Amino acid sequence: MRVITGSARGMRLTAPEGMDVRPTTDKVKESIFNIIQFDLADAEVLDLFAGSGQLGIEALSRGASRGTFVDSSERSLRFVRENLKKTRLEDRAAVRKSDARQFLSTTRDTFHVALLDPPYRKQILPAILPSLANHMDSDGVIVCETASEEELPSKLPGFSAPREYRYGKIKLTVYRGEGESNNG
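### Details of the sheet that holds strand 4 (residues 111-116)
With respect to topology, 7 strands assemble into an open sheet ordered 3-2-1-4-5-7-6, the strand pairing being mixed. Every interior strand has two partners, whereas the edge strands, strand 3 (93-97) and strand 6 (163-167), have only one. If you compare each strand with its neighbour and ignore which way they point, the axes differ by 15 degrees on average. Sheet contacts for helix 2 (residues 54-61): strand 1 (44-48), strand 2 (66-71), strand 3 and strand 4; angle to strand 2, the most-contacted strand, approximately 180 degrees. Of the strands in this sheet, strand 1, strand 4, strand 5 (136-147) and strand 7 (170-176) are in contact with helix 5 (residues 125-133), which crosses strand 5 at around 165 degrees.

### Here's the deal with helix 2
Since the α-helix turns once every 3.6 residues, residues separated by three or four places project in the same direction. The buried count for helix 2 comes to 8 of 8 residues, which makes it a mostly enclosed element. Here helix 2 has its buried residues at Gln-54, Leu-55, Gly-56, Ile-57, Glu-58, Ala-59, Leu-60 and Ser-61. Looking at the packing, one finds that the buried side of helix 2 touches helix 1 (26-35), strand 1, strand 2, helix 3 (74-86), strand 3 and strand 4.

### Regarding the pairing of strand 6
Relative to strand 7, strand 6 runs antiparallel, the two being bridged by 5 bridges. Counterpart to Glu-164 in the pairing with strand 7 is Thr-173.

### A closer look at unusual backbone geometry
The phi dihedral of Asp-42 is positive, around 60 degrees, even though this residue is not glycine. Mapped onto the elements, Asp-42 comes out in the loop between helix 1 and strand 1. If you check the backbone angles, Arg-121 has positive phi at about 60 degrees while not being a glycine. The topology assignment puts Arg-121 in the loop between strand 4 and helix 5. The exposure class assigned to Arg-121 is exposed, which follows from its relative accessible area of 53%.

### Brief notes about the environment of Ala-94
Following the sequence through the fold, Ala-94 ends up in strand 3. If near-sequence neighbours (up to four positions away) are discounted, Ala-94 is found in contact with Arg-66, Gly-67, Thr-68 and Phe-69.

### Observations regarding helix 1
For helix 1, the set of buried residues is Val-28, Lys-29, Ser-31, Ile-32, Phe-33 and Ile-35. Where helix 1 is buried, its residues touch helix 2, strand 4, strand 5, strand 6 and strand 7.

### Describing the pairing of strand 5
Burial of strand 5 is extensive: 10 of the 12 residues sit out of reach of the surface. Note that strand 4 and strand 5 share 5 bridges and pair parallel. Counterpart to Phe-111 in the pairing with strand 5 is Met-136.

Reading the values: rules and limits
- Residues numbered from 1 in each chain as written.
- Predicted model: local features only at pLDDT ≥ 70, side-chain atom pairs only at ≥ 80, totals over all residues.
- Heavy atoms only, no water.
- Pairing = 2+ DSSP bridges.
- Helix = DSSP H or I, 4+ residues; strand = E, 2+ residues; numbered from the N terminus.
- Axes fitted to C-alpha atoms, helices over the stretch in contact; angles between N-to-C directions.
- Contact = heavy atoms within 4.5 Å.
- Buried < 20%, exposed > 50% of the residue type's maximum accessible area, 1.4 Å probe, protein only.

And the structure:
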């Protein structure tokens, strides 16, 4: 697992071993960042279900101004901190130990890009996406990685109908804010 491009290009990242963390493949990660490449400049990014932090680190490496990394596992967050230090991006990052629902109910932050890669087949996203929409810029973008058979809401408050991209057993669902400066 490595950073694909930007200031930390080529740096190897580490992740916890086992079934709790399933790192995004390079092919899917590259697709995500091709889709949102014009949304990243100076963006506030949320890496919810951070795992190793690879998605948020890729966003920071590509020009996002700040990243917030949230995970309920202290073990995963140790890897996030280590990877941020290794890539020299820790000064632009905040790391929070919290489950997604609790974080969204207590944070006052607003984000332009949200990257969500929760455990597959647990139906977590349908429950939290409406709350997340309240913490997004009006022209923001939400990217969800799920198993291909998982269904997500067809509408979120203030967001257009999602676009779906399939990569074998993986599906990316992208919601775009309906704000005036929408890139989508």
